[in-house]
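A closer look at the structure
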Protein chains: 2
Amino acid sequence: MRRVAIGLIGWGTVGGGVVDILNRDAALLRERCGLDLWLKTIVTRDPSRTRDQRTGATVATDLRAILDDPEIPVVIHLVGGTTVAKDLLVACLKAGKHVVTANKALIAEHGDELFTLAAHQGVGIAFEAAVAGGIPVIAALRDGLVANRIESISGILNGTCNFILTKMEAEGWGYDEALAEAQKLGYAETDPTLDVDGTDTAHKLAILARIAWGGRIPLSSLTIEGIQSLTATDIASAKTLGARIKLLAVARNRPEGLELRVAPTLVPLDHPLASVMKNANGIALQSSAAGPTLLTGLGAGALPTASAVLADVVDVASGRYQATVGHYGFFTGLQPVTLLPEAEENTACYARFTVADRPGVLAAIATALSNGGASVQTIYQATTTHDRAVIEVMTHPLRLGSFRQTVAAIDTGGLTVAPTRVLRKWL
Amino acid sequence: MRRVAIGLIGWGTVGGGVVDILNRDAALLRERCGLDLWLKTIVTRDPSRTRDQRTGATVATDLRAILDDPEIPVVIHLVGGTTVAKDLLVACLKAGKHVVTANKALIAEHGDELFTLAAHQGVGIAFEAAVAGGIPVIAALRDGLVANRIESISGILNGTCNFILTKMEAEGWGYDEALAEAQKLGYAETDPTLDVDGTDTAHKLAILARIAWGGRIPLSSLTIEGIQSLTATDIASAKTLGARIKLLAVARNRPEGLELRVAPTLVPLDHPLASVMKNANGIALQSSAAGPTLLTGLGAGALPTASAVLADVVDVASGRYQATVGHYGFFTGLQPVTLLPEAEENTACYARFTVADRPGVLAAIATALSNGGASVQTIYQATTTHDRAVIEVMTHPLRLGSFRQTVAAIDTGGLTVAPTRVLRKWL
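A brief look at the structure comes next. Fair warning: this is a prediction, and the values are worked out from it, not measured in the lab.

Below, the discussion takes up the overall build of chain A. A count of helical and extended segments in chain A gives 14 helices and 17 strands. The C-alpha radius of gyration of chain A comes to 24 Å, within 12% of the 22 Å expected for a compact globule of 427 residues. Projected onto its principal axes, the C-alpha positions of chain A cover 80 × 45 × 35 Å. The proportion of buried residues among the 427 residues of chain A is 53%. When contacts within chain A are restricted to residue pairs at least 6 apart in sequence, long-range pairs at least 24 apart make up 74% of them.

It is worth spelling out the relation of the copies chain A and chain B at this point. Placing chain A over chain B gives an RMSD of 0.0 Å and needs a rotation angle of 180 degrees, together with 0.0 Å of translation along the axis. Taken together, the rotation angle and the small translation identify this as a two-fold axis.

Now for the sheet that holds strand β3 (residues 58-60) of chain A. Residue and element names in this part refer to chain A. With parallel pairing, six strands are arranged side by side in an open sheet as β3-β2-β1-β4-β5-β6. The sheet is open, and its two borders are formed by β3 and β6 (125-126), each paired with just one other strand. Across three bridges, the pairing between strand β2 (residues 35-43) and β3 is parallel. Considered in β3, the bridge of valine 43 is made with alanine 60.

Another aspect to go through is unusual backbone geometry. Residues other than glycine seldom take positive phi values, yet alanine 132 of chain A does so here, at roughly 60 degrees. Assessed through the 31 C-beta atoms surrounding it within 10 Å, alanine 132 of chain A is described here as buried. One non-glycine residue, aspartate 52 of chain B, lies in the positive phi region at around 55 degrees. By the secondary structure assignment, aspartate 52 of chain B is in the loop between β2 (35-43) and β3 (58-60). Residue class for aspartate 52 of chain B comes out exposed when judged on the 6 C-beta atoms lying within 10 Å of it.

All right, on to the packing of helix α5 (residues 137-144) of chain A against helix α5 (residues 137-144) of chain B then. How two helices pack is summed up by the angle between their axes together with the distance between the axes. Running from amino to carboxyl end, α5 of chain A crosses α5 of chain B at an angle of 130 degrees, the nearest separation of the two axes being 10 Å. Here α5 of chain B runs oblique to α5 of chain A, going by the angle between their axes. For the pair α5 of chain A and α5 of chain B, the sense of crossing is right-handed. The segment α5 of chain A lies against α5 of chain B, with Ala139, Asp143 and Gly144 of chain A engaging Ala139, Asp143 and Gly144 of chain B. The class makeup of the residues in the contact of α5 of chain A with α5 of chain B is two nonpolar, two polar and two charged.

This next bit is on the interface of chain A and chain B. With 49 residues of chain A at the interface, the matching set in chain B holds 49 residues. Contributing elements (two or more residues each) for the side of chain A that touches chain B: α1 (13-33), α5, β12 (291-298), α11 (302-317) and α12 (320-325) of chain A. Here the side of chain A that touches chain B is composed, by residue class, of 26 nonpolar, 16 polar and seven charged. For β12 of chain A and strand β12 (residues 291-298) of chain B, the ladder comprises three bridges, and the chain directions are antiparallel. Looking at β12 of chain B, one finds that leucine 295 of chain A is bridged to leucine 295 of chain B.

What counts, and at which threshold
Residues numbered from 1 in each chain as written. Chains lettered and ligands numbered in written order. Predicted model: local features only at pLDDT ≥ 70, side-chain atom pairs only at ≥ 80, totals over all residues. Helix = DSSP H or I, 4+ residues; strand = E, 2+ residues; numbered from the N terminus. Rg over C-alpha atoms; globule rule 2.2 N^0.38 Å. Buried ≥ 20, exposed ≤ 12 C-beta atoms within 10 Å, placed from the backbone. Contact = placed C-beta atoms within 7 Å. Least-squares fit on C-alpha atoms with pLDDT ≥ 70 in both. Pairing = 2+ DSSP bridges. Axes fitted to C-alpha atoms, helices over the stretch in contact; angles between N-to-C directions. Parallel < 35°, antiparallel > 145°, perpendicular 65-115°, else oblique. Left-handed = near helix turned anticlockwise from the far one by under 90°. Nonpolar A, V, L, I, M, F, W, Y, C, P; charged D, E, K, R; others polar.

Here it is, written out as structure tokens:
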């Protein structure tokens, strides 16, 4: 049986998960795929923090312990951020090591440079763990659906946001209260910015889109909205209308161009993504031959992420990944894709108009929407408090820019007494 | 770019799907994975039936047109049944060809013999298309979850049955009416036996279990119940109790042994498999590191199945599959697994007792169940017609054999006026 020595950089939560699985299930992996995976060297900043884990590995602080070891062909890279993490990954590639990483920001922001360097060095960067942890979505998109033109991807890709939204709905809480609970339970970090503002989701969407459409995705021109401004009223209104608000990553390959966005979105309750609750992730793919495919599972956490990391390690150690990286088009030499501007987005919308409670207002709003070219699916007067009424509208798919202009004209025209709330609605 | 010549045996529905995709998306496949897939030769019984498809392929009736062609390394085998189909597959292996097949019966019934021959010949048999068509579940289980001990698999693996059950619920129809509709719409064959009696589902379950637990699954000792005896009352009662009846394939790795079964099963409405409707398939996996994973999509049809076939062709043509078959434990040399007998099954149950509508009967049934050791979750008197009442019970998980004995004793003891209906309920 072939023994494969592995280097590990970073002994944090996910690193601990990798050690756990190798400690417990090395025999299973030997039996299952004929590989003896040997964790030989761990490089960590503080070797005294061993997470109460026993390993037979050498623990070092200097990356050279891995780089200079010709016996180690593959390095598990579990370092966050895009500065030091990038230097470490580059050093591994330059030393001729295959790299398995869970760092989505690095792949999304510096993928071109890193994949090009890897190709030049004749090694691969595997990154299943970078998107949706325990769900093998990278492999499904790259290999399982290889014979499909991908028509759309919609996904819940950030467990922190999904947990917060689930709590807001279940408890009737506002955003701040739900965030505090998520932090208390360890589902959100002390500084949750990159999760709640949609950046993390955008990184993952960019990675999926790169594989699906073989283009370089310009992160800076992605439409990204987070969940911070969502209120208990938004959540409750959506529910009344038969929908649930999710932080949805959406990519659609339209005849006019590629449309990518991350935004809080009303998902109809009978859509399978609406049932993805708490810290779970879910990805719905629509493709030319397979049709609709849905994958759900745990997107983060020590063991789910370690599961993906080790799947990649096996892929590299078995030699399979080399047959992929050497030939697959999405790695290197990509042209940048021009994304459709946000105004050109084609989406159904939800709008909540706050108006004075007097006769004729609903008709006036309906007329204004109609004159603005917005095709209304449902409109009704939802609640009345004091002398105010709330009119809620769901539209058919329309050009987002035009709809926003129409709504702005309604607001400035004096029909409303508070700024109108507009959210996207998924198909 | 590497050109790979492909042979195709069988130009039926799925074969037509393969031709469609290659005709339309060969450029995409070249760009995506650097392979020029060239459909060189089609072997079919009736070369005049070209399905109105243009191909550049040579069309022949004699398998030698493929076997004797050294330029063809991989053969797509789309022949049903287990007799001629087996001979054809064996001939391909003996000629040193890799084989991609969608034939689940062949793999489930003759997998040992075929995998052993393939290993001897130094070639591989790929079979992603054999289970759940467009859903890449074989790859997810084999590769994506390679670092996981699989705890359970539950799946809706037969689109015909799921379509019939969906129609029964939607229209309030009986089984025969729904079957007729499924046949009319092409979702069921003229002779639907192997679909509706659970055999097809059992084949797929056996294949998944083989990969998950690396054992030879004795098909003959599998518990298999079909959907033919389900009534409109069963479907409606389940719905009232917050569940939906699915033909569920279940595999659980219990400390006592492996439990495999195919049976109509009440699935709670909030379980994601309950939302898998019409002809869709769905597989829920529970595993040691990734936790819960769910995959849903289309399990059959020309294009979804062709999508899986071509994913396998790419896997073989890229050389990746060879790195798998050469080493993976589930292919050859397996020990037969002893399955737990049906009586030892641990499952929650639903029971519908038909009784005379007189005081004390509910208490008598509850007492009999309690004396029999059945832990009841809910019990209530559901409907009354004339002088009869119906008492419906949902139990906690219990030993199936004991529960059936208890129910039989209730029936023979005269508490009921008609045979009691017992169905399994999923977790």
